[in-house]
Amino acid sequence: MNDLLNTVLDAHGGLRRWSQVASICATADIGGPMWARRGQEGIFSKARLVVDVQRQHVVFTDFTAPGLHGVYTPERVAIEDPTGKVVLERLTPREAYQGQELTSAWDELHALYFAGYAMWNYLTTPYLLAHPDVRTEELEPWQPDGDRWRRLRAVFPSHIATHSTEQILSYDTSGLLRRHDYHPYVMGDRPVAHRTEAHRTVAGLVFPTHRYVLPMADGQPLPNPIITIDLTGITVD
């Protein structure tokens, strides 16, 4: 691992602590106008989710209706009842976004795949960046708004479901994540700047609890977020 990644891991709890964690639970209020444009407004309002830290697996409780579970893995998304009976299911879910436009309607399984892989990435980072198949390198620092941020370029393998193969993460002088740039395939490969704030420490790990995603134009973030995420009730097991 490079020096910046070591600094970042230490600032967020340390590699050893992350490697001991099995799951992270949280309530996520996920909103913003993107969901209405896709026909899924409010689908993740006050969503309770359980993230498996050591594998790509997320469960949303009471998904679309009380008692139902939304289950995400990279190869499959499904809505299941309390007994595990499948209500809806989609295999190879990433293929379902081929040919979509910026305002193409999503169904519940489109929304589940997107939120599933995104929240798994967000809640397991920076531990995810230490995965042996993720390549990282430090880039030249930059100074947005007068602050000096160190930048990490991450390149992900195809077997890790994520927004885009290449992503840039920016960290403040204490090693905390402040901005995350990528171009999500499932939203048409359009670039976004994802800002993170309100970091909290839970059971030795550090999480940004307020996030918002800004579309980019001419290399600059636009002022109005298309997605907002607020996390509460975080627990670590």
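Summarised in this report is the structure supplied together with it. If you're wondering where the values come from, they're calculated on a predicted model, not measured in any experiment.

**Brief notes about the environment of D29**
Within the element layout of this structure, D29 appears in strand 1 (residues 23-31). Classification of D29 by relative accessible area gives partly exposed; the value is 28%. Dropping the residues within four chain positions of it, D29 is found in contact with F44, S45, K46, T228, I229 and D230.

**What to know about the nonpolar core**
Membership of the largest hydrophobic core comes to 65 residues, with the highest contact counts inside it found for W35, F44 and F114. No other element matches the 12 residues that helix 4 (residues 108-124) contributes to this core. Beyond its immediate sequence surroundings of up to four residues, F44 is in contact with A28, D29, I30, W35, F60, F63, A111, L112 and A115.

**A closer look at the pattern of salt bridges**
The full count for this structure, using the stated rule, is 11 salt bridges. Close ionic contact of K46 with D29 constitutes a salt bridge, the shortest N to O distance being 3.9 Å. Placement of the pair is K46 in the loop between helix 3 (33-37) and strand 2 (47-52) and D29 in strand 1, with a sequence separation of 17 residues. On the basis of relative accessible area, K46 is assigned to the exposed category, the value being 59%. D107 is paired through a salt bridge with R90; the nearest N and O atoms lie 2.6 Å apart. With D107 in the loop between strand 6 (86-91) and helix 4 and R90 in strand 6, the pair connects residues that are 17 residues apart, well separated along the chain. A single network of salt bridges, built from pairs that share partners, joins D3, E138 and R150.

**Overview of helix 1 (residues 3-11)**
Within helix 1 the residues assigned to the buried category are L4, L5, V8 and L9. Down the axis of helix 1, the buried set is contained in an arc of 135 degrees. They therefore lie on one face. Turned more than 90 degrees off the buried face of helix 1, the exposed positions are D3 and D10. Between a side-chain oxygen at the N-terminus of helix 1 and the backbone nitrogen of L4 the separation is 3.2 Å; the capping residue is N2. Where helix 1 ends, the next residue or the one after it, G13, has phi of about 125 degrees, a positive value.

**Concerning the packing of aromatic side chains**
Inspection of the entire model under this criterion finds 15 aromatic pairs. Ring geometry for Y97 and Y113: centres 5.8 Å apart, planes at 45 degrees, overall tilted. With Y97 in the loop between strand 6 and helix 4 and Y113 in helix 4, the pair connects residues that are 16 residues apart, well separated along the chain. Side by side, Y97 and Y113 carry an identical accessibility label, which is buried.

**As for the pairing of strand 7 (residues 135-142)**
In this structure, strand 7 lies alongside strand 8 (residues 149-155), joined through six bridges in antiparallel fashion. Each residue of the ladder has a partner; that of E137, found in strand 8, is R153. As consecutive antiparallel partners, strand 7 and strand 8 are separated by six residues, and within that stretch D145 has a phi angle of approximately 55 degrees, a positive value.

**What about the environment of T228?**
Position of T228 relative to the elements: it lies in strand 14 (residues 227-236). Given a relative accessible area of 23%, T228 falls into the partly exposed group. Sequence-wise, T228 and A28 are 200 residues apart; in three dimensions their C-alpha atoms are separated by 9.8 Å. Leave out the neighbours within four places in its chain, and T228 touches D29, I30, G31, G32, R211 and Y212.

**Structural notes on helix 4**
If you check helix 4, its first and last C-alpha atoms are 24 Å apart, about what 17 residues at 1.5 Å a residue would give, namely 24 Å. Within helix 4, 16 of the 17 residues are buried, which leaves it mostly tucked inside the rest of the structure. The distance from a side-chain oxygen at the start of helix 4 to the backbone nitrogen of L109 is 3.0 Å, and the residue carrying that oxygen is D107.

What counts, and at which threshold
Residues numbered from 1 in each chain as written. Predicted model: local features only at pLDDT ≥ 70, side-chain atom pairs only at ≥ 80, totals over all residues. Heavy atoms only, no water. Helix = DSSP H or I, 4+ residues; strand = E, 2+ residues; numbered from the N terminus. Buried < 20%, exposed > 50% of the residue type's maximum accessible area, 1.4 Å probe, protein only. Contact = heavy atoms within 4.5 Å. Core = buried A, V, L, I, M, F, W, Y, C linked by side-chain atoms within 4.5 Å. Salt bridge = Lys/Arg side-chain N within 4 Å of Asp/Glu carboxyl O. Arc of directions from axis to C-beta. Polar contact = N/O pair within 3.5 Å; in protein donor to acceptor, adjacent residues only side chain to side chain. Phe/Tyr/Trp six-rings, centres within 6.5 Å; stacked < 30°, edge-to-face > 60°. Pairing = 2+ DSSP bridges. Expected span 1.5 Å × (residues − 1).

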